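# Inside the fold
Below, each chain spelled out in residue letters.
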Amino acid sequence: MHAISANNLTKRYGRKHAVDGISFDIEQGEIVGFLGPNGAGKTTTLRMLAGLIKPSKGSSTILGKKVPSASLLDVGTMIEEPSFYPYMSGRDNLRHAAKMHGGVSDRHIDEMLNFVSMDQAATKRVRAYSQGMRQRLGLARALLWQPKVLLLDEPTNGLDPVGIAEIRENLRTIAKEGVTILISSHILAELEKLVERILAVERGKLLYDGPLQQMLKRIDEKTVTYFLEATNADSLRQALSDMAIELTSLDGGGVQVTISQNDAPAILANLIHNGVELIEARRITDNLEGAYLRLLREDGRPV
């Protein structure tokens, strides 16, 4: 049984796709990084997984049960900037949340405050909290009912380097207890020290699902993307298949391939040698690897 599953998860707002056909499975006890620039669809995906919004298409499951269902009682969420009652203390905010859920003792509330290093500020009103303190309190609230799955949206926003390191260690501790964690960020450096697997999204589409180190290796390699069109589209696709080159078929009979920059001349020459009559071989400036690079820039904004 997968801890989290998304099957063709889609969310449209009018004609715009916030999330466009995302599918993935996450096993129990995994910590998976959800990487992408602001506006890529990470928060919308998390909100659908948490049952907060209904997908336009597709479905998701948590702990083997379709969302929404009673399985959401085993999910802790921290999606977007956490909101609290500003006139109440941090501890009282957690007490209020605990009463709504039930089965949480004051002792456990204090344990969670201590776990996120908020015990010294527990009696202060939340209106006096910094953004980093609110983030810590939000994580404590997500952990109150000892969830089996955690959905975290940019949990280290507003934290200094020491705070980020502390939250990272907190999440490692939680994962060792078998909790599944899906954590979003637009900065790879935040995820690099915590996760081994990455889901990378941009413009609502899933671009990559796999090991972090493999993605880093792909980024380090210099690649180029070509649009290719031949007089015989079938012979072009067959020749590329024979060379074990992945291709994307496009409307009109052309294909798009991403290949090593160093191998590009030899591959094009090999196509001609094998009798493929190319009508066009045009290098595309914006490619998949470029999208990855945009995802990994310091603030995640397209360059």
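Positions within a chain are numbered from 1, following the residues in the order the chain's sequence is written. Only residues with pLDDT of at least 70 get local features here, since the model is predicted, and only at 80 or more are side-chain atom pairs given and counted; chain-wide, interface and lining totals rely on the full set of residues. Note that the side-chain values use all heavy atoms of the structure and ignore hydrogens as well as water.

## Observations regarding the side chain of Thr156
Strands here mean DSSP runs of E at least two residues long; helices mean DSSP runs of H or I at least four residues long; both are numbered from the N terminus. Here Thr156 shows up in the loop between strand 7 (149–153) and helix 5 (161–176). With sequence-adjacent residues up to four places away left out, Thr156 is seen in contact with Gln135, Ile164, Ile167 and Glu190. Any two residues having at least one pair of non-hydrogen atoms within 4.5 Å are treated as being in contact.

## Points about helix 2 (residues 90–101)
Given the number of residues in a helix, its expected span is that number minus one, multiplied by 1.5 Å. Its twelve residues place the ends of helix 2 17 Å apart at the C-alpha level, agreeing with the 16 Å of an ideal helix rising 1.5 Å per residue. With a 1.4 Å probe rolled over the protein chains alone, any residue whose accessible area is under 20% of its type maximum counts as buried; one over 50% counts as exposed, and the rest are partly exposed. Among the residues of helix 2, those classed as buried are Gly90, Arg91, Asn93, Leu94, Ala97 and Ala98. Down the axis of helix 2, the sector holding all buried residues measures 160 degrees, keeping them to one side. Turned more than 90 degrees away from the buried face of helix 2, the exposed residues are Lys99 and Met100. Elements that come into contact with the buried residues of helix 2 comprise helix 3 (106–115) and helix 4 (131–142). Downstream of helix 2 by a residue or two, Gly102 has a phi angle that is positive, lying close to 90 degrees. As used here, the arc belongs to the directions running from the helix axis to the C-beta atoms.

## Here we look at the sheet that holds strand 3 (residues 31–35)
Strand pairs in the sheet, formed through backbone hydrogen bonds, run parallel or antiparallel to each other. Pairing in this open sheet of six strands is mixed, and the strands run 6-7-8-3-9-10 from one edge to the other. Two strands close off the open sheet at either side, each with one partner strand: strand 6 (75–78) and strand 10 (205–211). Pairs of neighbouring strands in the sheet enclose a mean axial angle of 15 degrees, with direction left out of account. The pairing of strand 9 (residues 197–202) with strand 10 spans six bridges and is antiparallel. Within strand 10, the residue paired with Arg197 across the bridge is Pro211. Interaxial angle, 0 to 180 degrees, is taken between N-to-C directions of lines fitted to C-alpha atoms, where a helix line uses only the stretch in contact. The strands that helix 4 touches are strand 6 and strand 7; relative to strand 6, the one it contacts most, it runs at about 165 degrees. Contacts from helix 5 reach strand 3, strand 7 and strand 8 (180–185) within the one sheet, and its direction differs from that of strand 8 by about 155 degrees. Strands are labelled as partners when DSSP assigns at least two bridges between them.

## Side note on the nonpolar core
Remark: nonpolar core denotes a set of buried residues (Ala, Val, Leu, Ile, Met, Phe, Trp, Tyr, Cys) joined through side-chain atoms within 4.5 Å. By size, the foremost hydrophobic cluster in this structure holds 44 residues, and its most contacted members are Leu150, Leu171, Ile181, Ile183 and Ile198. At five residues, helix 5 tops the list of elements feeding residues into this core. Residues in contact with Leu171, not counting those within four places in the same chain, are Ile31, Leu139, Leu150, Leu152, Ile181, Ile183 and Leu194. In this structure, Val32, Leu46, Ala50 and Leu151 belong to the second largest nonpolar core, which totals 26 residues.

## Describing the packing of aromatic side chains
Only rings of Phe, Tyr and Trp enter the pairing, Trp through its six-membered ring, and a pair is recorded when the two centres are within 6.5 Å. The plane angle decides the type: under 30 degrees is stacked, over 60 is edge-to-face, the rest tilted. Tallying each qualifying case throughout the model produces two aromatic pairs. Residues Tyr85 and Tyr87 carry aromatic rings whose centres are separated by 5.9 Å and whose planes lie at 50 degrees to one another, so their mutual orientation is tilted. When its relative accessible area of 36% is taken as the criterion, Tyr85 is described as partly exposed.

## Some words on the confidence of the model for the chain
In the predicted model, the chain carries a mean pLDDT of 87, and the fraction of residues at 70 or more is 92%. Low confidence marks residues 294–303, where pLDDT is under 50. Its contacts with residues over four positions away, or in another chain, come to 26 contacts. Confidence scores here are pLDDT values: one per residue, from the predictor, ranging 0 to 100.

## Side note on the packing of helix 2 against helix 3
Direction vectors running N to C along helix 2 and helix 3 enclose 130 degrees, while the axes themselves pass 10 Å from each other. Regarding the angle of helix 2 to helix 3, the classification is oblique. In this structure, helix 2 crosses over helix 3, and the sense of that crossing is right-handed. Residues Arg91, Leu94, Arg95 and Ala98 of helix 2 form the contact with helix 3, whose own contacting residues are Asp106, Ile109, Asp110 and Leu113. Of the residues that constitute the contact of helix 2 with helix 3, the class distribution is four nonpolar, no polar and four charged. For classification purposes, an angle smaller than 35 degrees is called roughly parallel, one larger than 145 roughly antiparallel, one from 65 to 115 roughly perpendicular, and anything else oblique. Each crossing gets its handedness from the near helix: less than a right angle anticlockwise from the far helix is left-handed, clockwise is right-handed. By the convention adopted, Pro, Cys, Tyr, Trp, Phe, Met, Ile, Leu, Val and Ala count as nonpolar, Lys, Arg, Asp and Glu as charged, and the other residues, Gly among them, as polar.

## Quick word on the sheet that holds strand 14 (residues 278–284)
If you trace the four strands from one edge of the open sheet to the other, you get 12-13-11-14, paired in antiparallel fashion. Pairing within the sheet leaves two strands with one partner each, and these edge strands are strand 12 (247–249) and strand 14. The sheet shows a mean angle of 25 degrees between the axes of neighbouring strands, direction not considered. Here six bridges tie strand 11 (residues 223–230) to strand 14, and the two strands are oriented antiparallel to one another. Bridging from a neighbouring strand, Tyr226 pairs with Arg283 of strand 14. Seen against the sheet, helix 9 (residues 264–273) touches strand 11, strand 13 (255–260) and strand 14 and runs at an angle of roughly 15 degrees to strand 11.

## Concerning helix 9
Within helix 9, the full set of buried residues consists of Ala264, Ile267, Leu268 and Leu271. One side of helix 9 holds all its buried residues, which, seen down the axis, span an arc of 95 degrees. For helix 9, exposure combined with an orientation more than 90 degrees from the buried face picks out Pro265, Ala266 and His273. Tucked inside the fold, the buried residues of helix 9 contact strand 11, helix 8 (233–242), strand 13 and strand 14. Just downstream of helix 9, Gly275 is the residue with a positive phi angle, here 85 degrees.

## Details of unusual backbone geometry
A cis amide bond links Val67 with the next residue in sequence, Pro68, at an omega value of -5 degrees. Secondary-structure assignment places Pro68 in the loop between strand 5 (65–66) and strand 6.

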